[in-house]
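# Summary of the model geometry
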Amino acid sequence: MQSLLNKKILLGISGGIAAYKTPELARLLIQGGASVQVVMTEAAQQFVTPVTMQALTGNPVYLSQWDSTIPNNMAHIELSRSADAIVIAPASADLMAKISLGLADDLLSTLCLARDCPLLIAPAMNKQMWEHAATQRSAQRLNANGVALLGPASGFQACGEVGMGRMLEPSEIAEQVIAFFQKKSLIGKKVLITAGPTFEAIDPVRGITNHSSGKMGFAIARAALEAGAQVHLIAGPCTLETPLEASGKIIRTNVTSAKEMHTAAMNAADCDVFFAVAAVADWGIAKPSKEKIKRQGKEAPNIEFNANPDILVDVAQTAKTKNGKPHPYCVGFAAESTDLEAHASEKRKRKGIPMVVGNIGPDTFGSDLNELLVVDDAGSKKIAKAEKLQLARQLIQLVAKKI
Ligand code: C5P
């Protein structure tokens, strides 16, 4: 999926060792569908060459405000006018100080001052430089001027120290740039999501579980973050990475059993929207064995099950009415093998929730694609087959209109 299709990004590079990662960022932005135009400071050219950036982007690289090949010799105006956003990675302490004060003594800083598009910067520097009061003041000024700061992260630094000031990874920067362009329909909202399967232990090595990759729930978490929400993701056992972790707007709680998921969800039920996407085991093991159960010839053990609590129903029962709408607004999921619409409508009424989303098609488990049927008080509506993230974005917009 090309989430940056038709976007023109002006990618600025300032002088810092993290510039060795910027070619990878350019590649990811281009893979996302963007056209990328690079501007480098003089110091940046000590770390990565203009030829590398030109080869990767297929565009000439701009290095100076005195370039006579640009019409009217107005590179600073021409370049920023045609961009949908300026992204600077890495942004050095020096560049941050400069643009936070409105100084403009080279092409990149002049572009920032002359721009009429959003500016996103990924700071990268030694931890002492980041922690210095002067840099912190630059960061505050940039924030106040509406510049989006992506990171920095904490970790191992090129100078051998460990601490705050590391540039976010190219994939994290690209994710945040993509997120930046999404519609902000859930700003100030808290979204709770259960995702993945649960695992009910029979003994320390065996257990029962459900088919679920967690991909749909994680896609909804990402789409909700992109829309500006604060997200709490409660995940059953799965290997997926936390979406947009570097945004600092997501809490992830890992659980194993349905009972653990229930406790975590009830503790976080004070939210605006609850998406119950997890494939929760309907039954738990009544008395899990502390020791591995030994095989006894051909005899199979008798295992006693208990019904697990219904997390969705219990969260829905905490809902209060706010502005005439249920709060939290609860969305259930249905994976049925037959008669999806009838089962989804029945589930919506039985669980006392305003919306149920049915997975259409038998091959949704583990797949990156899905097709959805949304059932609410207005009837039912299909969301056509697409990648799960694309479906999640559409679903988030539908739900945002409801709350
Ligand atoms: O009742 P059924 O399992 O078919 O309903 C599916 C929906 O209910 C899903 O949204 C699922 O996450 C939620 N559910 C739950 N707790 C359970 C069982 C299902 O939250 N114990």
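Rules of the game
- Residues numbered from 1 in each chain as written.
- Predicted model: local features only at pLDDT ≥ 70, side-chain atom pairs only at ≥ 80, totals over all residues.
- Heavy atoms only, no water.
- Helix = DSSP H or I, 4+ residues; strand = E, 2+ residues; numbered from the N terminus.
- Buried < 20%, exposed > 50% of the residue type's maximum accessible area, 1.4 Å probe, protein only.
- Pairing = 2+ DSSP bridges.
- Polar contact = N/O pair within 3.5 Å; in protein donor to acceptor, adjacent residues only side chain to side chain.

Right, let's get into unusual backbone geometry. A cis amide bond, omega -5 degrees, links alanine 89 with the succeeding residue proline 90. Mapped onto the elements, proline 90 comes out in strand 3 (residues 85–91). Across the junction of histidine 327 and proline 328, the peptide omega takes the value 5 degrees, indicating a cis bond. A positive phi angle is found at asparagine 6, which is not glycine, with a value near 70 degrees. Residue classification places asparagine 6 among the exposed positions, given a relative accessible area of 70%. One non-glycine residue with positive phi stands out, namely leucine 244, at about 45 degrees. Mapped onto the fold, leucine 244 is located in the loop between strand 11 (230–235) and strand 12 (250–254). Judged by its relative accessible area of 3%, leucine 244 is buried.

We now examine the pairing of strand 13 (residues 273–276). Side chains Val273 and Phe275 of strand 13 all project onto a buried face; the interleaved residues Phe274 and Ala276 project onto the opposite face, where all are buried too. Of the strand pairs in this sheet, strand 8 (residues 190–195) and strand 13 are connected by four bridges, and their pairing is parallel. Of the residues in strand 13, the one forming a bridge with threonine 194 is alanine 276. Bridge analysis of strand 13 against strand 18 (residues 329–334) gives four bridges, and the strand direction is parallel. Looking across to strand 18, one finds that alanine 276 is bridged to glycine 332.

On to the environment of glutamine 397, then. With respect to the element layout, glutamine 397 can be found in helix 13 (residues 388–402). You can call glutamine 397 partly exposed: its relative accessible area is 22%. Sequence separation of glutamine 397 and lysine 259 is 138 residues, and the distance between their C-alpha atoms is 31 Å. Engagement of the side chain of glutamine 397 in a polar contact is seen with the side chain of serine 185, the distance being 2.9 Å.

Interpretation in functional terms is not warranted from these geometric data alone.
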